[in-house]
Each structure stands twice: as C-alpha cells, then as structure tokens.
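# Working through the structure, step by step
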Amino acid sequence: QVQLVESGGTLVQAGGSLRLSCAASGRTFSSYTMGWFRQAPGKEREFVAAISWSLGRTYYADSVKGRFTISRDNAKNTVYLQMNSLKLEDTAVYYCAAKTLAVGAQYDYWGQGTQVTVSS
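Remember, predicted model here, so these are calculated numbers, not experimental data. (Residues numbered from 1 in each chain as written. Predicted model: local features only at pLDDT ≥ 70, side-chain atom pairs only at ≥ 80, totals over all residues. Heavy atoms only, no water.)

A few words now on the environment of tyrosine 60. Here tyrosine 60 shows up in strand β6 (residues 58–60). Along the chain, tyrosine 60 and glutamate 6 lie 54 residues apart, while their C-alpha atoms are 19 Å from each other. Side-chain polar atoms of tyrosine 60 contact the backbone nitrogen of isoleucine 70, separated by 2.9 Å. (Helix = DSSP H or I, 4+ residues; strand = E, 2+ residues; numbered from the N terminus. Polar contact = N/O pair within 3.5 Å; in protein donor to acceptor, adjacent residues only side chain to side chain.)

See below:
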C-alpha cells in the first residue's frame, strides 16, 4: 500500500534550478533509503541520488555531484531533489523510489515519474 508521488518537473533553461518533491505514504519510512532515478528516451534508468531516511546519509551519481542535493522532511514524509546548474543532458523523467536500509537491498517502490526538460 506504499505510494510515492513525484511533483515539480517542468521546462527550465540550462543553468537554471528546479526542486522536485516526492510525497510518501502508506507506512513509516524510518528504516528506508529514498532514491531519485532518471530515464531519458532511448536510455536505461540511471541512479541520481539517495538518502537514508533516519540518518540522512546521502549518495550521488558523479554526473550530478556538486549540482544536485537530496534532502528529506521527516514530518512531511517528503524527499526533495534540488537541482542547480541544470544541463541539457539532465532532461529525463525523474522517478522517486524506496528500499529497505540494508546493503544490497533493491528498490521496492516507485513513483509515477515527473518530466524535467532543460532547454537553451
């Protein structure tokens, strides 16, 4: 019964900023890792960033490190992806996902995705 709903995707100019949100419902996520993934047309879905719900430890793909920041608001059961210095290659459908806080765990739950289009 877990549901993840992304929002915030839109058209943005290269060099601009955008914040995506993922609202989680259905259970407590204190023992989960929340992640952001993206998929561009003709490409496989790729990892972008992740955060452990309780500890706040973060992980980033090399392609976004220094530009994107993942965070969470425990009271609102919401995770965010702040995207700065956006590039054309950041254009993709962005997905929110969740997995248990364990080494090697797979992402069990996924949102519907939100489109981010970067133009110049």
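Quick look at the pairing of strand β11 (residues 114–119) now. A regular strand places its side chains so that they alternate between the two faces of the sheet. Burial along β11 is one-sided: the face carrying Thr114, Val116 and Val118 is buried and the face carrying Gln115, Thr117 and Ser119 is not. Two elements, strand β2 (residues 11–13) and β11, share 3 bridges in a ladder whose sense is parallel. Residue pairing across strands places valine 12 opposite valine 118, the latter belonging to β11. (Buried < 20%, exposed > 50% of the residue type's maximum accessible area, 1.4 Å probe, protein only. Pairing = 2+ DSSP bridges.)

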